[in-house]
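# Remarks on the overall topology
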Amino acid sequence: MPLAPTFDTSKLPPISDGLEGIVVAETVLSDVQGAAGRLTLRGKSVEELAETGSFDSAVEHLTRDLLPASAPAQVSLAEGRSLAWEQIGVLRAADSDLSAFEMMTIGLAALPSSAAGENSLMLAGALSVFLAGGYRLKAGLEPIAPDATAETAADLLRMLTGSVPPAAHVAGLNRYLTTVLDHGLNASTFAARVIASTNAGAKAGLLGAMGALSGPLHGGAPGPVLDMLDAAQNSGNVRAWIGGELRAGRRLMGFGHRVYRTRDPRADVLKTGLAALSKDSGRVALAEEIEREALSALALHKPERKLDTNVEFYTAVLLEAIGIDRSLFTPLFAVGRAPGWCAHMAEQQAKGRLIRPQSRYVGP
Ligand code: ACO
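A short tour of the structure in this document, coming up. (Residues numbered from 1 in each chain as written. Predicted model: local features only at pLDDT ≥ 70, side-chain atom pairs only at ≥ 80, totals over all residues. Heavy atoms only, no water.)

## As for the packing of aromatic side chains
- Taken as a whole, this structure holds two aromatic pairs when the rule is applied.
- On the numbers, 5.0 Å between centres and 85° between planes, the contact of Phe313 with Tyr314 is edge-to-face. The burial state of Phe313 is the same as that of Tyr314; both residues are buried.
- Clustering of aromatic rings is evident, with ring pairs tying together Phe255, Phe313 and Tyr314. (Phe/Tyr/Trp six-rings, centres within 6.5 Å; stacked < 30°, edge-to-face > 60°. Buried < 20%, exposed > 50% of the residue type's maximum accessible area, 1.4 Å probe, protein only.)

Here you go:
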């Protein structure tokens, strides 16, 4: 005999697939203006933040007075790198077939939950060491110890390559990490807030957010963007290749966005950074040609839905110009976004309300 429903499901509000248009939190952290193509982080435009300071100073700007840490953000992030270094041994035991991203989650999961105390930024800082150490171990190389006096971008590049990075590379990586620091209630940030609302702690929130970020519809796109550039170039006919992809029902990586109905402002911040970096002008010209062709093909493919360039497209070209392996693009995204996740989790916990929506039962 069917069970009587405990409440009248027909009185539930209509479903919003993908929660589009649903507002579930107030935040002082970032404002994504989808129609205008504007991104503001705690009162500063993303352009201003990325042009005028380092990633560590952008984290300071975003998190000031929101996190319990009394130390400046740079110090907390560096302390997190030292903490991670004490645990680097867990990565030696990990299967080398695991991706660099999976290695990072193993390192983070292995940190004692109490290690960072209330200072979740230390957990965010720890990710750089697990990224670089995991990558080197997979390549048969020894991990390199962090330098607590350095800032995140310079130290990360040094821990990856083993040598002092060129200033242009450090500037490019600072620009990238700052650009992705926070972005409203994207899927991974929402995941972090859901977990924070259960009081599960910052480590659990960061691990859950990383799982959400890893998907190709979110942070997993920039590696495939380079695969797309390669395939389009090798085809010998960019326009025909793009048309073939769309006819086959495949998505063009680096285009489209849930919120932006115009160009993602972060795409231009990254493209500007590329000018100071890339010695391979052929690669940049190819990217520009593919972008042009993709935009006109997408306009014909989905005339009712404006699909424009998103952050991932020039992320891929910029990180490639810095010499970073494409397998590290999504892990780097996590390094840049993690302080944003921490700030959102702190906001959510201050709110103190469990996130618990409803589903409409349509089964037997
Ligand atoms: N290439 C081809 N078609 C696309 C693309 C694309 N890049 N993006 C959207 N479409 C199509 C969809 O298939 C959909 O078609 P349908 O109505 O026939 O099913 C239609 O356009 C409308 O899609 P949206 O509702 O705008 O897409 P949604 O908001 O669900 O997804 C997303 C946004 C996931 C970013 C999507 O545009 C996409 O898959 N892009 C490619 C992957 C990518 O670049 N990811 C990185 C996103 S940026 C970030 O997360 C940091």
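## Observations regarding the site of the ligand
- If you check the shell around the ligand, you find 21 residues, and the closest are Leu252, Phe255, Arg258, Lys302 and Arg305.
- The contact in question runs from an oxygen atom of the ligand to an N or O atom on the side chain of Arg305, over 2.6 Å.
- A distance of 2.9 Å is found between an oxygen atom of the ligand and a side-chain nitrogen or oxygen belonging to Asn310.
- Notes on the ligand: free accessible area 920 Å², of which the protein chains cover 79%. (Near = heavy atom within 4 Å. Polar contact = N/O pair within 3.5 Å; in protein donor to acceptor, adjacent residues only side chain to side chain. Areas by Shrake-Rupley, 256 points an atom, 1.4 Å probe, with all protein chains shown as cover.)

## A look at the sheet that holds strand S2 (residues 38–41)
- Across the sheet, three strands lie side by side as S1-S2-S3; this open sheet has antiparallel pairing. Both outer strands of the open sheet, strand S1 (30–33) and strand S3 (44–45), are each paired with one neighbouring strand and no more.
- For S2 and S3, the ladder comprises two bridges, and the chain directions are antiparallel. Within S3, the residue paired with Thr40 across the bridge is Ser45. (Pairing = 2+ DSSP bridges. Helix = DSSP H or I, 4+ residues; strand = E, 2+ residues; numbered from the N terminus.)

## Observations concerning unusual backbone geometry
- Although it is not a glycine, Leu19 adopts a positive phi angle of roughly 55°.
- If you trace the backbone, Leu19 turns up in the segment before S1.
- Positioned with a positive phi, Asp65 is a non-glycine residue whose angle comes to about 70°.
- Along the chain, the position of Asp65 falls in the loop between helix H2 (55–63) and helix H3 (73–86).
- Owing to a relative accessible area of 73%, Asp65 belongs among the exposed residues under this scheme.

## Considering the pairing of S2
- Residues Leu39 and Leu41 point to one face of S2 and are all buried, whereas Arg38 and Thr40, pointing to the other face, are not buried.
- Here S1 runs beside S2; their pairing, made up of four bridges, is antiparallel. From the neighbouring strand, Ser30 faces S2, where its bridge partner is Leu41.
- Taken together, S1 and the strand that follows it, S2, pair antiparallel across an intervening segment of four residues, in which Gly37 is found at a positive phi of about 70°.
- Turn length for the S2-S3 hairpin, with the two strands adjacent in sequence and antiparallel, is two residues, and the turn residue Arg42 shows positive phi of about 45°.

Taken by themselves, the reported measurements are silent on function.
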